[in-house]
Amino acid sequence: MERLKVNLCGIELDNPIIPASGTFGFGYEFADIYDINKLGTFSFKGTTKDPRFGNPTPRAAECTAGIINSVGLQNPGVDKVIAEELPKLSKVFNKKVMANIGGFSVEEYAYVAERIAECEQVGWLEVNISCPNVHGGGMAMGADPNMAAAVTKAVRKVTDKPVIIKLSPNVTDIVSIAKACEAEGADGISLINTLLGMRINLKTRKPIIANKMGGFSGPAVFPVALRMVYQVASNVKIPVVGLGGVSRAEDVIEMMLAGATAVQVGAANLIDPAACSDIIDKLPSVMDKYGINKLSDIIGGAL
Ligand code: SIN
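What this report covers is the structure whose coordinates are included nearby. All figures in this text were calculated on a predicted structure; none of them were measured in a lab.

Cut-offs and rules
- Residues numbered from 1 in each chain as written.
- Predicted model: local features only at pLDDT ≥ 70, side-chain atom pairs only at ≥ 80, totals over all residues.
- Heavy atoms only, no water.
- Near = heavy atom within 4 Å.
- Polar contact = N/O pair within 3.5 Å; in protein donor to acceptor, adjacent residues only side chain to side chain.
- Areas by Shrake-Rupley, 256 points an atom, 1.4 Å probe, with all protein chains shown as cover.
- 1 Å grid on protein atoms, 1.4 Å probe; cavity = no way out; pocket = protein on both sides within 12 Å on 5 of 7 lines; lining within 4 Å.
- Sits in = over half its atoms within 2 Å of the grid points.
- Nonpolar A, V, L, I, M, F, W, Y, C, P; charged D, E, K, R; others polar.
- Helix = DSSP H or I, 4+ residues; strand = E, 2+ residues; numbered from the N terminus.
- Buried < 20%, exposed > 50% of the residue type's maximum accessible area, 1.4 Å probe, protein only.
- Contact = heavy atoms within 4.5 Å.
- Points joined across faces, edges and corners; volume = space filled by probe spheres on them.
- Pairing = 2+ DSSP bridges.
- Axes fitted to C-alpha atoms, helices over the stretch in contact; angles between N-to-C directions.
- Core = buried A, V, L, I, M, F, W, Y, C linked by side-chain atoms within 4.5 Å.
- Disulfide = S-S within 2.5 Å.
- Patch = residues over 30% accessible without salt bridge, like charges linked within 9 Å, V, L, I, M, F, W, Y side chains within 5 Å.
- Salt bridge = Lys/Arg side-chain N within 4 Å of Asp/Glu carboxyl O.

### Some words on the site of the ligand
Then comes step 1: Taken together, K45, N69, V71, G72, L73, N128, C131, P132, N133 and N193 make up all the residues around the ligand.
Then comes step 2: Between V71 and the ligand, the recorded distance is 3.5 Å, taken from a backbone N or O atom to an oxygen atom.
Then comes step 3: Taking L73, its main chain carries an N or O atom lying 2.7 Å from an oxygen atom of the ligand.
Then comes step 4: Surface burial for the ligand is 92%, taken as the share of its 260 Å² of free accessible area covered by protein chains.
Then comes step 5: In this structure, the ligand is accommodated by the largest pocket.
Then comes step 6: By residue class, the composition of the shell around the ligand is 4 nonpolar, 5 polar and 1 charged.

Next comes the structure, spelled out in structure tokens:
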């Protein structure tokens, strides 16, 4: 449907809906639930140089209007992703996919970026410098504009494919970090990753999550995400991908008005694996309700 189309860093999407990394596996796991080709694209599970078993359990805690996770970037490592996961995906998905990558040093990010960018099906790289659940990489890289710039520069050097840097909300000045990434050649910014949170079990009087803290996501974080998308979109010239608590077609429109070119859906997939399909189906009638002809017309409309 023409009116849902958007262009993300030079690649046309049939619609702006992108399941967020960590909530959609490597995509093929959802292919029995609905035809995943109806998505704009999706961002696959954060991939690192070496395989990772992830954090000790419990890794999840329910909250009012959200969930805390501390998965710890569990993934089979870049070699297996290329040799096993992407071939399985290509059997059921005929669009470009977003490759989410993680690392523990600037060199590791560059290594994984170079390897994964060589895969034909990869359209964009989403560089996660915002995972709150690992030490020595992740959020530590994204909390400092200089480190964020260094990772961006290193990844930029190894690929011509669009590079989108995924930022953490757990910082005081998100705009300076986004601008540092833009200055080093990022093609886009995605935000927000999860907010650092915790729950305590009243019976044991101990944190529920084995790692004590984890990343909070879900509908409760939507206003925070929207505010940060608005702030970043007001201050950079590159496209912004908005995410954080999006669970309805109305949220997608709000995110786009705040400046998002495309919108990721995360925790909602954990509640209803068909959430993204449902949002795409509902978008046209919600657009009609608010007098929106084409989604691309409203990007940044509230700025
Ligand atoms: C995780 O694997 O811990 C979640 C990924 C993230 O929050 O970046």
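Here the narrative resumes, following the displayed structure.
### Regarding the side chain of N193
Then comes step 1: By the secondary structure assignment, N193 is in the loop between β9 (188–191) and β10 (195–197).
Then comes step 2: On the basis of relative accessibility, which here comes to 11%, the residue N193 falls in the buried class.
Then comes step 3: Once you skip the residues sitting within four places of it in the chain, N193 turns out to touch N128, S130, C131, P132, K166, L167, S168 and P169.

### A short note on the layout of surface pockets
Then comes step 1: Computed from the structure, the largest pocket encloses a volume of approximately 720 Å³.
Then comes step 2: Looking at the largest pocket, it is lined by 41 residues, and the ones nearest its centre are S21, G22, T23, K45 and N69.
Then comes step 3: Of the residues in the lining of the largest pocket, the class split is 18 nonpolar, 19 polar and 4 charged.
Then comes step 4: Here the second largest pocket defines a volume of roughly 150 Å³.
Then comes step 5: Lining the second largest pocket are C131, P132, N133, V134, H135, G137, M139, A140, L196, N211 and M213.
Then comes step 6: Here the residues of the lining of the second largest pocket are counted per class, giving 7 nonpolar, 4 polar and no charged.

### Notes on the sheet that holds strand β8 (residues 163–166)
Then comes step 1: Spatial strand order, β3-β15-β14-β9-β8-β7-β6: 7 strands in an open sheet with parallel pairing. Strands at the two margins of the open sheet, each flanked by one partner only, are β3 (17–19) and β6 (97–101). Between one strand axis and the next, the sheet turns through 30° on average, direction left out of account.
Then comes step 2: Bridging between strand β7 (residues 122–128) and β8 involves 4 bridges; their strand directions are parallel. Paired with N128 across the bridge in β8 is K166.
Then comes step 3: Packing of helix α9 (residues 275–289) onto the sheet brings it into contact with β3 and β15 (260–265), and relative to β3 it is tilted by some 175°.

### Things to note about the nonpolar core
Then comes step 1: Membership of the largest hydrophobic core comes to 89 residues, with the highest contact counts inside it found for L8, L167 and L191.
Then comes step 2: Each residue touching L8, except ones within four places of it in the same chain, is listed here: L13, I18, M98, W124, I164, P239, V241, T261 and A262.
Then comes step 3: Ranked by size, the runner-up nonpolar core spans 6 residues in total, among them C63, I68, I209 and F216.

### Comments concerning the state of the cysteines
Then comes step 1: Going through the model one piece at a time under the given rule, you end up with 0 disulfides.
Then comes step 2: Of all cysteine sulfurs, the one in C181 lies closest to C131, which takes part in no disulfide; the gap is 16 Å.
Then comes step 3: On the basis of relative accessible area, C131 is assigned to the buried category, the value being 6%.
Then comes step 4: Left unpaired, C276 is separated from the closest cysteine sulfur, that of C9, by 19 Å.
Then comes step 5: Since its relative accessible area comes to 0%, C276 is described here as buried.

### A look at the sheet that holds strand β13 (residues 214–217)
Then comes step 1: A sheet is described by the order of its strands in space; here 4 strands give the open sequence β4-β5-β13-β10, paired in antiparallel fashion. The open sheet terminates on both sides in strands that have one partner only, identified here as β4 (60–63) and β10. Adjacent strand axes in the sheet meet at a mean angle of 35°, parallel and antiparallel pairs treated alike.
Then comes step 2: Where strand β5 (residues 66–69) lies against β13, 3 bridges are found, and the strand directions are antiparallel. Counted as the bridge partner of N69 is G215 from β13.

### Side note on the environment of G102
Then comes step 1: Among the structural elements, G102 can be located in the loop between β6 and α2 (106–117).
Then comes step 2: For G102, a relative accessible area of 3% corresponds to the buried category.
Then comes step 3: Sequence-wise, G102 and P207 are 105 residues apart; in three dimensions their C-alpha atoms are separated by 26 Å.

### Some words on a nonpolar patch on the surface
Then comes step 1: On the surface, L196, M198, I200 and M213 cluster together into a nonpolar patch covering about 340 Å² of accessible area.
Then comes step 2: With respect to the helices, strands and loops of the structure, I200 is situated in strand β11 (residues 200–201).
Then comes step 3: I200 sits in the partly exposed class, given a relative accessible area of 45%.

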